[in-house]
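Chain and residue survey
The chain contents come next:
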Amino acid sequence: MVRRNDQRRAALVDAAIEVLAREGARGLTFRAVDAEAGVPVGTASNYFSHRDDLLIQTGGRVYERLQPDPSEFDRLRAVERDQDRDLYRQAMYALVDRVGGFRSGYLALLELRLEATRRPGLRRLLTEQVRGDLEANIAYHEASRLPGDALTVKLLYLALNWLIVEQLTLPDVLSEREREELVDAAVERLLGDWPNEAGTP
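1. Regarding the overall build of the protein
Counting its regular elements, the protein contains 10 helices and 0 strands. For the protein, the sequential pattern of α-helices and β-strands runs α-α-α-α-α-α-α-α-α-α. Across the 201 residues in the protein, those meeting the buried criterion constitute 41%. Expressed as a percentage of contacts within the protein between residues at least 6 apart in sequence, the contacts between residues at least 24 apart total 67%.

As C-alpha cells, then:
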C-alpha cells in the first residue's frame, strides 16, 4: 500500500489551485498538478482516486484558505463596541483586500463554481461551504448587534463578491478609487439611517 502524508496532500491541492487559476478546469490534470508541485509524475494519482476527488478536495482547500484572519473579527468587535459606521466600512475594505490578495485562490474558486454546474459532488460541497459561511456571518452579525440585518449581510455579500470578480478578472473596468467609492456607497445605502457614531444619527 502506498504511504501518504497530509503535508504532501496539501501541497498537491495547493498546486491544483494554482493550475486551476492559470489554466482553467480543462488544464487540471494529475500530470499538471505533479509538475506544479515539483513531484514525480504519478504522485497525484496516489493521493486522489479520480479527477472529481481532486476537484472536491481543491474546493475544500481553497475555501479554507479564503477564511478570514482572526484580526478581522477583532475589527468587527470594535464596530460592535462603538457602533461606528466608518469601522464597518473598513471591515468591508479588509474583506475585499483579503480575498483579492489571494488572486489564484479566488480565480480557482470561480473555475470550481463553473465545474460545480456539471459535477453534483462538487456542487454539494461548495453549496454547503458557502451557505454555512453566509449563515455563520448572519448569525454573528445579529448576535453582535452590528448595523443592518440579515438582508444587509446578503446584499453586501453579493455586491462585494461581484466587485472582487471585476477586480480580479477585468481590473481596468474600475479604478481602485472607483472600487473604494462603491464599497462606501454600498455600506452607506444599505445601512440607511444607522448612526454614524455611537448614539448620533
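2. As for the packing of helix H1 (residues 6-23) against helix H4 (residues 51-65)
Two quantities define a packed helix pair, namely the angle between the helix axes and the distance between the axes. Running from N to C, H1 and H4 point in directions that differ by 90 degrees, and their axes come no closer than 9 Å. Put simply, H1 runs roughly perpendicular to H4. Residues Arg9, Ala10, Val13, Asp14, Ala16, Ile17 and Leu20 of H1 lie in contact with H4, whose contacting residues are Leu54, Gln57, Thr58, Arg61, Val62 and Arg65. Taken together, the residues of the contact of H1 with H4 break down into 7 nonpolar, 2 polar and 4 charged.

3. So, the layout of surface pockets
By volume, the second largest pocket is sized at about 160 Å³. Lining the second largest pocket, in full, are Tyr93, Val96, Asp97, Leu163, Gln167, Glu176, Arg179, Glu180 and Val183. Where the lining of the second largest pocket is concerned, the elements lending two or more residues are helix H6 (85-101), helix H9 (150-169) and helix H10 (176-191). Of all the elements, H10 adds the most residues to the lining of the second largest pocket, at 4 residues. Residue composition of the lining of the second largest pocket, grouped by class: 4 nonpolar, 1 polar and 4 charged.

4. Concerning the confidence of the model for the protein
When pLDDT is averaged across the protein, the result is 84; 86% of the residues are at 70 or more. Mean pLDDT across the elements of the protein bottoms out in helix H5 (residues 70-82) (58) and peaks in helix H2 (residues 30-37) (97). This stretch, residues 196-201, has a pLDDT under 50; its non-local contacts, to residues over four places away or in other chains, come to 10 contacts.

5. Considering the side chain of threonine 58
Here threonine 58 shows up in helix H4. Since its relative accessible area comes to 0%, threonine 58 is described here as buried. Sequence-distant contacts of threonine 58, that is, excluding residues within four places in its chain, are made with Val13, Ala16, Ile17, Leu20 and Leu112.

6. Focus on the packing of H4 against helix H7 (residues 103-116)
Look at H4 against H7: their axes get within 10 Å of each other, and the N-to-C directions meet at 135 degrees. As judged from the angle between their axes, H4 and H7 are oblique. Along this stretch, H4 crosses H7, giving a crossing that reads as left-handed. In this structure, H4 contributes Arg51, Leu55, Thr58, Gly59 and Val62 to the contact, and H7 contributes Gly105, Leu109, Leu112 and Glu115. Tallied by class, residues from the contact of H4 with H7 come to 4 nonpolar, 3 polar and 2 charged.

Parameters at a glance
Residue numbers run consecutively from 1 along every chain, following the written order of its sequence. Per-residue local features are limited, in this predicted model, to residues with pLDDT of at least 70; the limit for side-chain atom pairs, both in listing and counting, is 80 or more; totals at the level of whole chains, interfaces and linings are taken over all residues. Side-chain calculation: all heavy atoms of the structure are included, whereas hydrogens and water are not. Comment: elements are numbered from the N terminus, with helices defined as DSSP H or I runs of at least four residues and strands as E runs of at least two. Accessibility here uses a 1.4 Å probe with only protein chains present; expressed as a share of the type maximum, an area under 20% marks a residue as buried, one over 50% as exposed, and anything in between as partly exposed. Every residue pair with non-hydrogen atoms within 4.5 Å of one another is taken to be in contact. The axes are straight lines fitted to the C-alpha atoms, using for helices just the contacting stretch, and the angles between their N-to-C directions are given from 0 to 180°. When an angle is under 35 degrees it counts as roughly parallel; over 145 it counts as roughly antiparallel; between 65 and 115 it counts as roughly perpendicular; any other value is oblique. Put simply, Ala, Val, Leu, Ile, Met, Phe, Trp, Tyr, Cys and Pro go in the nonpolar bin, Asp, Glu, Lys and Arg in the charged bin, and everything else, Gly too, in the polar bin. Buriedness for pockets is judged along seven lines, at least five of which must meet protein on both sides within 12 Å for an open set on the 1 Å grid over protein atoms alone, while cavities are sets there where a 1.4 Å probe fits but cannot get out, and lining residues have an atom within 4 Å of a point. Grid points are joined across faces, edges and corners, and a volume is the space filled by probe spheres set on the points. Summary of the metric used: pLDDT quantifies the predictor's per-residue confidence within the range 0 to 100. What makes a crossing left-handed is the near helix being turned counterclockwise from the far one by less than a right angle; a clockwise turn instead makes it right-handed.

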